[in-house]
Amino acid sequence: MDISTLSLQTETLDSTLLPRILTPEAGLIVARAKETLPRTITPFFSTIAAFLATRSLNFRLTGILYTEQLQNVSSDEYLRLAREVKLVMNKIFSSRYPEGYMQCYVGSFLNGSVIVKAYVSFNNRLPAPSSSDVVRSVVTDIKAKQTYFGWNIDPHSVESHGRTLKNLEPEMFSVSLLVLHCGFIVTSQMSEENISLLENLKQEVIFSFPGSINVSNFSISSVRDVLGDLEVKGNLYLNSTVHTDVQSLLQAFTPLSNKSVDLSSVNVDGHYMNLQVFPIRFQITNKPFVVNLLDLSSSEFQDLSKDLSAVVMSVLSITKPLQVIIREVMRGSVLCKGVVVYQLPAPGSGEILRAFLGSLDSNGMFKSSSYKVDRYSLQVGDSSPEPHFEYPSFPGFGVAIIVMCGLSILIFPTLAYVCFRTKMLGHKKKATIQRCLDPDRQSRHFEMDNQAFRASIEQP
């Protein structure tokens, strides 16, 4: 039985008793043992081999000549070249798949410069790369112009289970993002308008990428409401011959900031953009509050949030923000809360606050806008102007009550202390007369508490 039998063992079994790592050599022994052992024993070996996700890998080495010693698996030349090939493959796949890659096994060397027949194995309990991704991994390393041991790999010769540079499957990335204030879609019926919104989102995602990234499709797999925003999950497919850098993909989503996509939420294969997000809040004093502003799906909120976002973007243009998002509007005239997003390196919150304050005229109006802002309500991150009122619209009678309570706390202990020291409210001693009988002198004495006074009985 040929070693390629291992490539058929790709289904994960539900077992925790077997070791995590099984080398391709052990898989080869399993495959060959199945030919000689009784059929009652071979299912055990099939169970072990099922933990292998093995991909064939063939390629041609250039810069090296084929010799007859490469036919002998025990020759020094064969062992040396096999060791070099395994070291290179280990470097390529362990860096790309650190958790899943297990080992590379060199099957044979054939004539044609030197044609390598090899196999790479992955832990089948983790998502194993496809044959197309195996080819991309090798070609990516080749395109990086890495050279090892004096020989090179011909990128056009790299092949895995029939996949070459000519017929690779699209490279797939999992993507999730938030579309601002559109969570109402999943709570309502999927009307034609809502379906059209999702279709437009798909097209905007595809067209946001530069020409250097060939996007074949973006499919949406699920949507759900997240605090009024619409979480969209899907898969992005690229026509590529090498692995695409995830950070370059994330940067390609930047133009979607104008399409109501929260850039800080964009996730590609578990990676996020390197961004700095500052929470902001301010109070608009010349606009009446209406209840519909509490509804994120209402036209009143949508219009106000978009208009304010544009105004704040213009106000902070000197600090070069990437995106401004007004997340909610509350009572207190109109109290607005949101975030301002920057790419790294980002300015400090104090610098952003100064840009805010510098955009206000003497009346508190945002320049080139119709919005009047209470400058003391401005807050960026942990920075705010002095004095800062936590509740700008706190009622005056509440302040009076707090002041009176504070004075009471100070006055009553002071008054009690003064009374205690001066004995103003203490018990006054009264003069008392005690009669004592003196049997010898036949006289009576009166003793009083006040010793300054004495009484005596007159003699007849």
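Source: prediction; values computed, not measured.

S.K.: Got a minute to help me understand the pattern of salt bridges in this structure?
M.R.: Proximity of charged atoms lets side chains of opposite charge pair with each other. Overall, the coordinates contain nine salt bridges when judged by the stated rule. Between Arg 80 and Glu 84 there is a salt bridge whose closest N-O contact spans 3.1 Å. Of the two residues, Arg 80 and Glu 84 are both situated in helix H3 (residues 76-96); the distance of four residues between them amounts to about one turn of the helix. Among the residues examined, Arg 80 registers a relative accessible area of 41% and is labelled partly exposed. Lys 91 is the partner of Asp 141 in a salt bridge, and the nearest nitrogen-oxygen pair spans 2.8 Å. Here Asp 141, found in helix H4 (residues 131-143), pairs with Lys 91, found in helix H3; they are 50 residues apart in sequence, far enough to count as distant.

S.K.: What is the right way to read the sheet that holds strand E7 (residues 229-238) from this model?
M.R.: Through backbone hydrogen bonds, the strands of a sheet pair up, either in parallel or in antiparallel fashion. The five strands are arranged E6-E7-E5-E8-E9 in an open sheet whose pairing can be described as antiparallel. The sheet is open, and its two borders are formed by strand E6 (215-226) and strand E9 (271-272), each paired with just one other strand. Inspection of the sheet shows strand E5 (residues 171-179) paired to E7 by nine bridges, in the antiparallel sense. Residue pairing for E7: Val 175 is matched across the bridge by Gly 234.

S.K.: Help me understand the layout of surface pockets in this model?
M.R.: Space left empty within the atom packing is revealed by a probe, the size of a water molecule, rolled over the atoms. Here the largest pocket defines a volume of roughly 770 Å³. As for the largest pocket, its lining consists of 27 residues, of which Arg 96, Tyr 97, Asp 133, Met 172 and Asp 269 are closest to the centre. Those elements giving two or more residues to the lining of the largest pocket turn out to be strand E3 (114-123), H4 and E5. If one sorts the elements of the lining of the largest pocket by residue count, E5 sits on top with four residues. Each pocket or cavity is described by its volume, and for the second largest pocket that value is around 540 Å³. Contributing to the lining of the second largest pocket are 23 residues, with Ser 257, Asn 258, Lys 259, Ser 260 and Lys 306 lying nearest its centre. Elements represented by at least two residues in the lining of the second largest pocket include exactly helix H6 (192-207), helix H8 (299-315) and strand E11 (323-330). A total of six residues in the lining of the second largest pocket trace back to one element, the largest contributor, which is H8. Tallied by class, residues from the lining of the second largest pocket come to eleven nonpolar, nine polar and three charged.

Cut-offs applied
Residues numbered from 1 in each chain as written. Predicted model: local features only at pLDDT ≥ 70, side-chain atom pairs only at ≥ 80, totals over all residues. Heavy atoms only, no water. Salt bridge = Lys/Arg side-chain N within 4 Å of Asp/Glu carboxyl O. Helix = DSSP H or I, 4+ residues; strand = E, 2+ residues; numbered from the N terminus. Buried < 20%, exposed > 50% of the residue type's maximum accessible area, 1.4 Å probe, protein only. Pairing = 2+ DSSP bridges. 1 Å grid on protein atoms, 1.4 Å probe; cavity = no way out; pocket = protein on both sides within 12 Å on 5 of 7 lines; lining within 4 Å. Points joined across faces, edges and corners; volume = space filled by probe spheres on them. Nonpolar A, V, L, I, M, F, W, Y, C, P; charged D, E, K, R; others polar.

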